[in-house]
Amino acid sequence: MILRGVGSVGAALAQMGGLAENVLAGLSVQAGSPAVTMDFDVLFDPARGRMLREDERFRVAFRIERPRELTIRRALNEGLLESPEAVNWSFSEVTLVEVWEDGGLAAVRAAWDGDWVVEAWGGSVSARLPGNWRSSFFGRIGAAGPKGDLPDGVV
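This one's a predicted model, so the numbers in the text were calculated from it and none came from an experiment.

Asker: Lay out the packing of aromatic side chains with the relevant residues and their values.
Answerer: Here the structure, examined in full by the defined rule, presents 3 aromatic pairs. Each ring, one from tryptophan 100 and one from tryptophan 121, has its centre 5.4 Å from the other, and the planes form 90°; the classification is edge-to-face. Residue tryptophan 100 is found in strand β7 (residues 96–102), and its partner tryptophan 121 is found in strand β9 (residues 117–128); the two are separated by 21 residues along the sequence. Its relative accessible area of 14% is what places tryptophan 121 among the buried residues. Taking the centre distance of 4.3 Å and the plane angle of 20° together, the rings of tryptophan 112 and tryptophan 116 count as stacked. The pair tryptophan 112 / tryptophan 116 is uniform in exposure class, with both members buried.

Asker: Which residues make up the nonpolar core, and what are the values?
Answerer: Phe40, Phe62 and Val97 are the most contacted members of the largest nonpolar core, which has 31 residues in total. Put simply, the parts of the chain that give this core at least two residues each are α1 (6–15), β3 (35–42), β6 (58–73), β7, β8 (105–111) and β9.

Asker: Describe in detail the environment of alanine 107, supporting the description with residues and values.
Answerer: Relative to the assigned elements, alanine 107 resides in strand β8. C-alpha of alanine 107 to C-alpha of glutamate 69: the two residues are 38 residues apart in sequence and 9.3 Å apart in space. Discounting residues that sit within four places of it in the chain, alanine 107 has contacts with Ile64, Glu98, Val99, Trp100, Ala120 and Trp121.

Asker: With reference to specific residues and values, describe the pattern of salt bridges.
Answerer: If you walk through the whole model with that rule in mind, you get 8 salt bridges. Of the charged contacts in the structure, one is a salt bridge between aspartate 41 and arginine 59, with a shortest N-O distance of 2.7 Å. Of this pair, aspartate 41 sits in strand β3 while arginine 59 sits in strand β6, placing them 18 residues apart in sequence. Overall, aspartate 41 belongs to the partly exposed group, its relative accessible area being 22%. Close ionic contact of aspartate 55 with arginine 53 constitutes a salt bridge, the shortest N to O distance being 3.3 Å. Here aspartate 55 falls in the partly exposed class, since its relative accessible area comes to 44%. What makes arginine 53 partly exposed here is its relative accessible area of 35%. One continuous salt-bridge network, built from bridges that share partners, spans Arg50, Arg53, Asp55 and Glu56.

Conventions and cut-offs
- Residues numbered from 1 in each chain as written.
- Predicted model: local features only at pLDDT ≥ 70, side-chain atom pairs only at ≥ 80, totals over all residues.
- Heavy atoms only, no water.
- Phe/Tyr/Trp six-rings, centres within 6.5 Å; stacked < 30°, edge-to-face > 60°.
- Helix = DSSP H or I, 4+ residues; strand = E, 2+ residues; numbered from the N terminus.
- Buried < 20%, exposed > 50% of the residue type's maximum accessible area, 1.4 Å probe, protein only.
- Core = buried A, V, L, I, M, F, W, Y, C linked by side-chain atoms within 4.5 Å.
- Contact = heavy atoms within 4.5 Å.
- Salt bridge = Lys/Arg side-chain N within 4 Å of Asp/Glu carboxyl O.

Structural data, given as structure tokens:
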């Protein structure tokens, strides 16, 4: 499933708790049809405070078309600078992913505790999710997750 536009992508992000406690798995810049893509592995359900089972996990890809700006900022502490082998998956664990529009541009920002930020601005935003992302994310345990339709822009 592809969601297009800040409204649709933002609604899905809200249902997924802003992807808090999940992992940035990839960041890429594509030539040809210029775009920036941020891939996140969804491993944790922040609403329930639990790791997702293997069969519930999925990947979300956010794509900024016609990028105008890409910012990457990471402040490593002294311990990680001195012992890079200590860096593990938690290095990529995000606190919050947000989307918004300003001045006719769409933006996606992934933020971590401290000064770690990846932010992309461009002409439009879309998100690729598996078709069953709601059942995966809200589990198969019978607990009710957020309901409701996504706004226009779901493809």
